[in-house]
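Listed here are the chains, written in short residue letters.
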Amino acid sequence: MNSASKLAKILRDIYGESFGNESDEPFAIGWDQLRALAGGSLSESLVRVIGKKLAKRAFVLVPLDDDLVVATEGDFSFRRLPERLRRRRRRRRRRRRRRRRNG
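I will try to describe carefully the structure that is included in this document. (Residues numbered from 1 in each chain as written. Predicted model: local features only at pLDDT ≥ 70, side-chain atom pairs only at ≥ 80, totals over all residues. Heavy atoms only, no water.)

**Some points on the sheet that holds strand β2 (residues 59-63)**
Here comes step 1: As summarised here, the arrangement of the three strands in space is β1-β3-β2, forming an open sheet in which the pairing is antiparallel. At either margin of the open sheet sits one strand with a lone partner, and together these are β1 (27-30) and β2. Strand-to-strand twist in this sheet, taken as the mean axis angle between neighbours without regard to direction, amounts to 25°.
Here comes step 2: Sheet topology note: the β1/strand β3 (residues 67-72) ladder contains four bridges and is antiparallel. What sits directly across from Ile-29, in β3, is Leu-68.
Here comes step 3: Its contacts with the sheet place helix α3 (residues 44-55) against β2 and β3, and it is angled at close to 155° to β2. (Pairing = 2+ DSSP bridges. Helix = DSSP H or I, 4+ residues; strand = E, 2+ residues; numbered from the N terminus. Axes fitted to C-alpha atoms, helices over the stretch in contact; angles between N-to-C directions. Contact = heavy atoms within 4.5 Å.)

Laid out in structure tokens, this is it:
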């Protein structure tokens, strides 16, 4: 059975491999494929430790229903939630609480 450190290194190496006409791109690996790389069983705690080992090298492991996605932090581009939306959300929450109390 491979250790979490070894599995994390294998996943980082796969990330750098060229396949599907791409290299250094996010990829999905099936749970059964990762289980085979692990050499047997694949526990939740092992997946969590692999994710932590990857995070130390700026990689992320995102579990989905049928696959796990391996990517780098730089692969994600996202928008920050604007302050106006955070304030609106807080106001709605306060109103709901008041309604429940006054009920």
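**Things to note about the packing of aromatic side chains**
Here comes step 1: Applying the stated criterion to the full structure yields two aromatic pairs.
Here comes step 2: Seen from their ring centres, Tyr-15 and Phe-59 are 5.2 Å apart, and the 90° between their planes marks the pair as edge-to-face. Placement of Tyr-15 in helix α1 (residues 4-16) and of Phe-59 in strand β2 is noted, with a sequence separation of 44 residues between them. Of the two residues, Tyr-15 and Phe-59, both sit in the buried class.
Here comes step 3: Seen from their ring centres, Phe-19 and Phe-27 are 6.0 Å apart, and the 80° between their planes marks the pair as edge-to-face. (Phe/Tyr/Trp six-rings, centres within 6.5 Å; stacked < 30°, edge-to-face > 60°. Buried < 20%, exposed > 50% of the residue type's maximum accessible area, 1.4 Å probe, protein only.)

**What about the pattern of salt bridges?**
Here comes step 1: Across all of its chains, the model carries one salt bridge by this definition.
Here comes step 2: In this structure, Lys-9 engages Asp-13 in a salt bridge whose closest nitrogen and oxygen atoms are separated by 2.9 Å. Of this pair, Lys-9 and Asp-13 both sit in helix α1, separated by four residues, roughly a single helical turn.
Here comes step 3: Its relative accessible area of 42% is what places Lys-9 among the partly exposed residues.
Here comes step 4: The exposure class of Asp-13 is partly exposed, given its relative accessible area of 39%. (Salt bridge = Lys/Arg side-chain N within 4 Å of Asp/Glu carboxyl O.)

**Describing α1**
Here comes step 1: Counted at 1.5 Å a residue, the expected span for α1 with its 13 residues is 18 Å, and the 19 Å between its end C-alpha atoms agrees.
Here comes step 2: Those residues of α1 lying buried are Ala-4, Leu-7, Ala-8, Leu-11, Arg-12 and Tyr-15. One side of α1 carries all its buried residues, which in axial view fall inside an arc of 140°.
Here comes step 3: If you follow the buried residues of α1, they end up packed against β1, α2 (31-38), α3, β2 and β3. (Expected span 1.5 Å × (residues − 1). Arc of directions from axis to C-beta.)

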